[in-house]
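A structural walkthrough
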Amino acid sequence: MSDPPTGGPRPSRGFRSLPRRTRIIIGVSTIGTIVILGALYGLNLVPQPPKQPDDKVVDAGAAPAFTLPSVYGGGAVVDLAALRGRPVVLNFWGSWCVPCRTELPILAASARAEGGRVHFVGVDLEDTRSGAQGFLRRYHIPYPSGFDPGDSVASRYAIGGTPTTVFIDSRGHRVGTVPGALTAARLSWWLDHLH
C-alpha cells in the first residue's frame, strides 16, 4: 500500500462516503438536537437576549383622580390626588387573574427597591374582598390597593383587561399604559423614564 502523494491536500471523504448506518445516526441526532433546542427556546429555557420595550413616553394629560376604599377595609382609602409630587405606577389587577400571579411579585420587588421614590398603587377589579386580601398577603404586596368591584376607576382609565399598568408622572399626567403582564425589564425601563 502506497502513501498518499505529498505536496497537496488529501482527498476528503464526503458525507455520502460514510456508511449508510452512520449517515442515518448523524441525521437523526442533528434533527433531534434542533427539535430539542427549538422546544427549549420556545419554553424560554434557553437564555434569550433581553427584549427592549418599544414603549414610548407620551403625555396623555391629567390622570383621572379617584378615591377608593382599601382592599383591607377599616375605613382606609386610596386617594390618587394625595400622591401627586412623585411618579405613580398604577396597576389594575384581580385575584382571579392568572397573569397577575406572575406580575405582582415583580411589582412588589420594584416597590421595595424604589424605597418611596415612586408610589405603587393597585386597583382590584371585579373581585371579592376576601379573595383580594388573600392574594395580596400571599404575594407580600407592600403598597396599597383600592377595592373597585364595579370597575368604576377602570372605566375612567379605559382599561380593557387585567393586568394593565398605567404610568403617571410627578405632575399627575398619564405618560404610558401597558396592557398585559409586565416583565422586570419592561418595568425597569418605565421606572427609568419616570424619574
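Heads up: these notes are all about the structure in this document. (Residues numbered from 1 in each chain as written. Predicted model: local features only at pLDDT ≥ 70, side-chain atom pairs only at ≥ 80, totals over all residues. Heavy atoms only, no water.)

**Some thoughts on the overall build of the protein**
Regarding its fold elements, the protein presents 5 helices and 7 strands. What you see in the protein, going N to C, is helices and strands ordered as α-β-β-β-α-β-α-β-α-β-β-α. The long-range fraction of contacts in the protein, counting pairs at least 24 apart against all pairs at least 6 apart in sequence, stands at 69%. Total accessible area on the protein is roughly 11,600 Å²; 59% of this is exposed by carbon and sulfur atoms. (Helix = DSSP H or I, 4+ residues; strand = E, 2+ residues; numbered from the N terminus. Contact = heavy atoms within 4.5 Å. Areas by Shrake-Rupley, 256 points an atom, 1.4 Å probe, with all protein chains shown as cover.)

**Regarding the side chain of threonine 162**
On the secondary structure map, threonine 162 appears in the loop between helix H4 (152-156) and strand E6 (164-168). Each residue touching threonine 162, except ones within four places of it in the same chain, is listed here: Phe92, Trp93, Trp96, Cys97, Cys100 and Leu125.

**A short note on the environment of tryptophan 96**
Here tryptophan 96 is to be found in the loop between strand E3 (88-93) and helix H2 (98-114). Dropping the residues within four chain positions of it, tryptophan 96 is found in contact with Leu125, Glu126, Asp127 and Thr162. Reaching out from tryptophan 96, the side chain makes a polar contact with the backbone oxygen of leucine 125 at a distance of 3.0 Å. (Polar contact = N/O pair within 3.5 Å; in protein donor to acceptor, adjacent residues only side chain to side chain.)

**Section: the pairing of E3**
Of all 6 residues in E3, 6 are buried, a share of seventy percent or more. As paired strands, E3 and strand E4 (residues 119-125) are joined by 6 bridges and run parallel to one another. Bridge pairing links valine 89 to phenylalanine 120 in E4. Taken together, E3, H2 and E4 constitute a β-α-β crossover, and its handedness is right-handed. As paired strands, E3 and E6 are joined by 5 bridges and run antiparallel to one another. (Buried < 20%, exposed > 50% of the residue type's maximum accessible area, 1.4 Å probe, protein only. Pairing = 2+ DSSP bridges. Right-handed = clockwise from strand over helix to strand, strands pointing away.)

**Overview of the packing of aromatic side chains**
Geometrically, a pair of aromatic rings is defined through the distance of the ring centres and the angle of the planes. All chains considered together, the criterion is met by 7 aromatic pairs. An angle of 55 degrees between the planes, with centres 5.7 Å apart, marks the rings of phenylalanine 92 and tyrosine 157 as tilted. Residue phenylalanine 92 is located in strand E3, and its partner tyrosine 157 is located in the loop between H4 and E6; the two are separated by 65 residues in the primary sequence. You can call phenylalanine 92 buried: its relative accessible area is 0%. Measuring from ring centre to ring centre gives 5.4 Å for tryptophan 93 and phenylalanine 135, while their planes differ by 15 degrees; the resulting arrangement is stacked. Separated by 42 residues along the polypeptide, tryptophan 93 in strand E3 and phenylalanine 135 in helix H3 (residues 129-138) bring together distant segments of the chain. Three or more aromatic residues joined by ring pairs form one cluster here, namely Phe66, Phe92 and Tyr157. (Phe/Tyr/Trp six-rings, centres within 6.5 Å; stacked < 30°, edge-to-face > 60°.)

**Points about the pairing of E6**
In terms of burial, E6 is largely enclosed, as 5 of its 5 residues are buried. Every second residue of E6 is oriented toward a common face, with Thr164, Val166 and Ile168 on one face and Thr165 and Phe167 on the other, all of them buried. The loop that links E6 with its antiparallel partner strand E7 (residues 174-179) comprises 5 residues; one of these, glycine 172, has a positive phi angle of about 90 degrees.

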